[in-house]
Amino acid sequence: MNVVQQQYKMKGMLITNYELEVPLDWASFNKSTNNNPSITLFAREVVDVNRADDELPLLLFLQGGPGGKSPRPMPGSPSWMVEALKTHRVILIDQRGTGRSSRIDTNLISQLSAEDGRDYLLKFRADSIVADCEHLRKTVYGGRLFETLGQSYGGFITLTYLSQAPEGLAACYVTGGLAGLEESAQEVYQLTYQRVIEKNQDYYARYPEDAKVMAKIAQCLTDNKVLLPDGDQLTLERFQSIGILLGMGPGIDQLHWLVDEAFAGSNKNKLSDVFLEQVMNHTSYHEGPLFAVIHESIYGQANKKTGWAAQQLREQFDEFDASHSPLMLTGEMIYPWMFEQISSLRPFAGAAHALADYKDYAPLYDLEKLSKNKVPVVAAVYHNDMYVPRELSLKTAKQVANTQIWLTNSYEHDGVRQSPEVFCKLRELLLDQGGPLNA
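How each quantity is defined
Residues numbered from 1 in each chain as written. Predicted model: local features only at pLDDT ≥ 70, side-chain atom pairs only at ≥ 80, totals over all residues. Heavy atoms only, no water. Pairing = 2+ DSSP bridges. Helix = DSSP H or I, 4+ residues; strand = E, 2+ residues; numbered from the N terminus. Axes fitted to C-alpha atoms, helices over the stretch in contact; angles between N-to-C directions. Contact = heavy atoms within 4.5 Å. Buried < 20%, exposed > 50% of the residue type's maximum accessible area, 1.4 Å probe, protein only. Parallel < 35°, antiparallel > 145°, perpendicular 65-115°, else oblique. Left-handed = near helix turned anticlockwise from the far one by under 90°. Nonpolar A, V, L, I, M, F, W, Y, C, P; charged D, E, K, R; others polar. Salt bridge = Lys/Arg side-chain N within 4 Å of Asp/Glu carboxyl O.

Participant: I'd love a proper account of the sheet that holds strand β2 (residues 13–23), names of residues and values included.
Facilitator: With respect to topology, nine strands assemble into an open sheet ordered β1-β2-β3-β5-β4-β6-β7-β8-β9, the strand pairing being mixed. Where the open sheet ends on each side, the last strands, each with one partner, are β1 (3–10) and β9 (403–408). Taking the axes of each pair of neighbouring strands and ignoring which way they run, one obtains an average angle of 20° across the sheet. Packed onto the sheet, helix α17 (residues 390–399) meets β8 (377–382) and β9 and runs at close to 160° relative to β8.

Participant: Go over unusual backbone geometry with me, naming the residues and quoting the values.
Facilitator: The peptide bond linking Gly65 to Pro66 adopts the cis configuration, its omega dihedral lying at 5°. As for its placement among the helices and strands, Pro66 is situated in the loop between β4 (58–62) and α2 (79–84). Its identity as a non-glycine residue notwithstanding, Lys11 has a phi of 40°, on the positive side. Take Lys11: it is sitting in the loop between β1 and β2. Given the relative accessible area of 73%, Lys11 is considered exposed. One non-glycine residue, Ser102, lies in the positive phi region at around 45°. According to the relative accessible area criterion, Ser102 is partly exposed, its value standing at 23%.

Participant: So what's going on with the packing of helix α8 (residues 210–223) against helix α10 (residues 251–260)? Residues and values would help.
Facilitator: Between α8 and α10, whose axes approach to 10 Å, the crossing angle comes to 55°. Here α8 lies oblique to α10, going by the angle between them. As for the relative orientation of α8 and α10, their crossing is left-handed in sense. Along the contact surface, α8 presents Asp210, Val213, Met214 and Ile217, while α10 presents Leu255, His256 and Val259. Of the residues in the contact of α8 with α10, the class split is five nonpolar, one polar and one charged.

Participant: Which residues make up the pattern of salt bridges, and what values do they have?
Facilitator: Enumeration over the complete set of coordinates arrives at 21 salt bridges. Note that Arg427 is salt-bridged to Glu83, the shortest N-O span being 3.2 Å. Placement of the pair is Arg427 in helix α19 (residues 420–432) and Glu83 in helix α2, with a sequence separation of 344 residues. Looking at Arg427, the relative accessible area reads 17%, which means it is buried. Among the charged side chains, a network of salt bridges with common partners joins Glu83, Lys86 and Arg427.

As structure tokens, then:
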């Protein structure tokens, strides 16, 4: 398999780009190389230009999501990378289906039937991502061990990595991503809905006057057909999904400023253009439809379908009814109506419904192997995490041997992006435990 390399400098950083050919279906490839289509895997290595010739440990960043591309390095950003570059080479991989790694888009999926689309998407779960990472490690880095930093869904991938290829790992940092190992999508949402309600309460406690504006927005969307700049109708339920912002560090304030301009146009009874554009950008999934399409399938367990779990559970919480006062926003939940109302998701509707009915999931976690884990794991668990419930994270920490946690209420889910302290704290915790394994 060919490796394409490109190298350049960016303000104190030496950046090397790699493109590798990998099989679409690793399971079939490991059995036979015949008639197995390939996709492109893209990875970007970043190193301090002054340390480019040094033998530094390798830190593989596993992005959150699912369906999120790796961060694009900028001078001073992300903050965790500024710290990591003092001691490591940082590897930013675009997980398959994202960024420059054979991105899944509407043009590709629209050519497939519902069942073929489902089967294609099933090859983009954490087990395939781990196989890609192992191929990168062996092909480009000569089999040297990776340290990993898994943010959010990247922590889910970390647990799969520890289950399937722990021999490739020297240490694992996890931030807001210790997933439940046995819990179904229904059990996860039972916890996250309650946390979303708490975040709504925090929002209205900080900005009580916003409740009146929210009521006016709700009335406007109920009484009128309001179109977004891309032509989609902004329904009330779609607007409620803007609550996905509430679990991030700046989310409550960000939502406040969005609502602040809701009626800032010349017609004070009509939603402003700037408000509609911002809502469209936050709810359209134009940049990453894969996030919505495979979201519930990351919780898929053998012999049990996810069955639009978020929609099922929502009906148990009267707080999210349109008539509730103040208007309650939803969180990181994906609903079947999204694949009707949102233009970027409509081509994925058949595959999404087929995924919701799918049962034959391959296991992602090996509980026995995790219970005997030798790779040091250090994890930041956020007490108020809206997306990955701390209850499940704490349980998982006990199930994965050699795991140390830092439980904190100082940060939200995106703490590692908001402050270098999170990575530094975990690095100190790892060193206190004896440091990474030797290659």
